[in-house]
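# Remarks on the overall topology
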Amino acid sequence: MKSFINVEDLGDLKQALAEAQEIKQDRYKYQHLGKNKTLMMIFFNNSLRTRLSTQKAAMNLGMNVIVLDVNAGAWKLETERGVIMNSDKSEHLLEAIPVMGCYCDIIGVRSFAGLKDREYDYAETVLNQFIKYSGKPVFAMETATVHPLQAFADLITIEEYRPTPVPSQREGGICDAMNHSPLLSGGAGGRLKVVLTWAPHCRALPQAVPNSFAQWMNAADVDFVITHPKGYELDPMFVGNARVEYDQKKAFEGADFIYAKNWSNPGVTSPADYGKITCEDMSWMVDTEHMSWTNNAKFMHCLPVRRNLIVTDDVIESENSIVIPEAANREISCSVVLKRMLEAL
Ligand code: CP
């Protein structure tokens, strides 16, 4: 695998889930693959889970790891071509990227959307410069429009926690679940219902997490519903065949999984609103009443989460909340991705 950005990069999801299960049973099985290989992780933005889980996954595979926080200790980087560089930015990405590529075998990039210029963000300008100029395989650690390591971890988590018709099947975890047709059936033997719900927030956040979650749920065989206030429509290339339901209660009814996330206005129906907060309706916050509309759904969020804006204390602390195992699976999703990239070197 030369790059990891979209769900298609992973190929067959059943096979990918099998590899995740194999690695979960023995995280060090492929330690030989990373010997004398170096991962460079480049952060333009803050991180807790991605930083730690990616580093851990690389160490599990025997890799060396270099971490660069672009905004803390490195020269400030200019990203636009044609700019007269007489500001505080001392180096251009077009020199910095090939230099970084000299010191490593694989590059991970975190570079969020600026939320000012939709065209620039959705062109994945920074990520594509790394792909073009580094000379090394590149994977997204949340870029302007996607967060595939998170979405893969979410898929692994849904597979692990999906209700099974016979309780004893649940004991075997992901392996047994997979032997009964992954992502095909819910608690009553029907299709799993997975709901992505917008929730309020005090700051404008990117659309990368909901975009990738939508992309991955569309690729999985689940009944996938997206619910949000009018005006918050995600880009159609990510919505795909999902059902969009503007009535949050109707969307939640019968759900097996509730995936909460805030995102700023994607500017699909109103380009001038791109990246803005155009709804502050607190009735969208997920509380116990919301969860009572569901089929005893599990609660998911990628974290970090602001309590009592997105979700109440009661819901995130409930036994149906699986946010911690979801975060733990970030190590597993990244291990599969790095293993495949090492195999392709
Ligand atoms: N979910 C996630 O990517 O977390 P971080 O921003 O802390 O890396």
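Residues numbered from 1 in each chain as written. Predicted model: local features only at pLDDT ≥ 70, side-chain atom pairs only at ≥ 80, totals over all residues. Heavy atoms only, no water.

## Let's talk about the overall build of the protein chain
When helices and strands are tallied, the protein chain shows 14 helices and 12 strands. Out of the 345 residues in the protein chain, the part that is buried amounts to 55%. Sequence-distant contacts, at least 24 apart, represent 76% of the contacts inside the protein chain between residues at least 6 apart. Accessible surface, the protein chain as shown: approximately 14,500 Å² in total, 49% of it carbon and sulfur. (Helix = DSSP H or I, 4+ residues; strand = E, 2+ residues; numbered from the N terminus. Buried < 20%, exposed > 50% of the residue type's maximum accessible area, 1.4 Å probe, protein only. Contact = heavy atoms within 4.5 Å. Areas by Shrake-Rupley, 256 points an atom, 1.4 Å probe, with all protein chains shown as cover.)

## Observations regarding helix α9 (residues 208-219)
Between its first and last C-alpha, α9 extends 17 Å over 12 residues, near the 16 Å set by a 1.5 Å rise per residue. With 10 of 12 residues buried, α9 is to be regarded as a mostly interior element. Buried within α9 we find Ala208, Val209, Pro210, Asn211, Ser212, Phe213, Ala214, Gln215, Trp216 and Met217. (Expected span 1.5 Å × (residues − 1).)

## Things to note about the environment of Gly267
On the secondary structure map, Gly267 appears in the loop between β11 (257-261) and α12 (288-292). Given the relative accessible area of 5%, Gly267 is considered buried. Residues Gly267 and Asp235, 32 residues apart in the sequence, show an inter-C-alpha distance of 8.5 Å. If we skip the residues at most four places from it in the chain, Gly267 touches Arg118 and Tyr274.

## Details of the site of the ligand
The environment of the ligand is made up of Ser47, Leu48, Arg49, Thr50, Arg110, His147, Gln150, Cys302, Leu303 and Arg330. One of the backbone N or O atoms of Cys302 is found 3.1 Å from a nitrogen atom in the ligand. In isolation the ligand exposes 250 Å². Once the protein is present, 93% of that is buried. In terms of residue class, the shell around the ligand is made up of three nonpolar, four polar and three charged. (Near = heavy atom within 4 Å. Polar contact = N/O pair within 3.5 Å; in protein donor to acceptor, adjacent residues only side chain to side chain. Nonpolar A, V, L, I, M, F, W, Y, C, P; charged D, E, K, R; others polar.)

## Concerning the packing of aromatic side chains
Throughout the structure, instances matching the rule amount to nine aromatic pairs. Here the aromatic rings of Phe4 and Trp216 are separated by 6.1 Å at their centres, their planes lie at 75°, and the arrangement is edge-to-face. Here Phe4 is found in strand β1 (residues 3-4), whereas its partner Trp216 is found in helix α9, with 212 residues between them in sequence. Judged by relative accessible area, Phe4 falls into the buried class, the value being 0%. (Phe/Tyr/Trp six-rings, centres within 6.5 Å; stacked < 30°, edge-to-face > 60°.)

## Observations concerning the domain arrangement of the protein chain
By domain assignment, the protein chain separates into domain 1 (3-146 + 330-344) and domain 2 (150-327). Averaged C-alpha coordinates put domain 1 and domain 2 at centres separated by 25 Å. The interface of domain 1 with domain 2 comprises 32 residues on the first partner and 38 residues on the second. At the junction of domain 1 with domain 2, the criterion picks out two salt bridges. (Domains from an automatic or database assignment. Salt bridge = Lys/Arg side-chain N within 4 Å of Asp/Glu carboxyl O.)

## Observations regarding the pattern of salt bridges
Here the structure, examined in full by the defined rule, presents 16 salt bridges. Among the salt bridges present, the one from Lys29 reaches Glu22, with a minimum N-O distance of 2.6 Å. Its relative accessible area of 23% is what places Glu22 among the partly exposed residues. Measuring nitrogen to oxygen at the nearest pair gives 2.8 Å for the salt bridge that ties Lys76 to Asp88. Of this pair, Lys76 sits in the loop between β3 (64-69) and β4 (77-78) while Asp88 sits in the loop between β4 and β5 (91-92), and the two are 12 residues apart along the sequence. Sharing partners across several salt bridges, the network here consists of Glu19, Lys339, Arg340 and Glu343.

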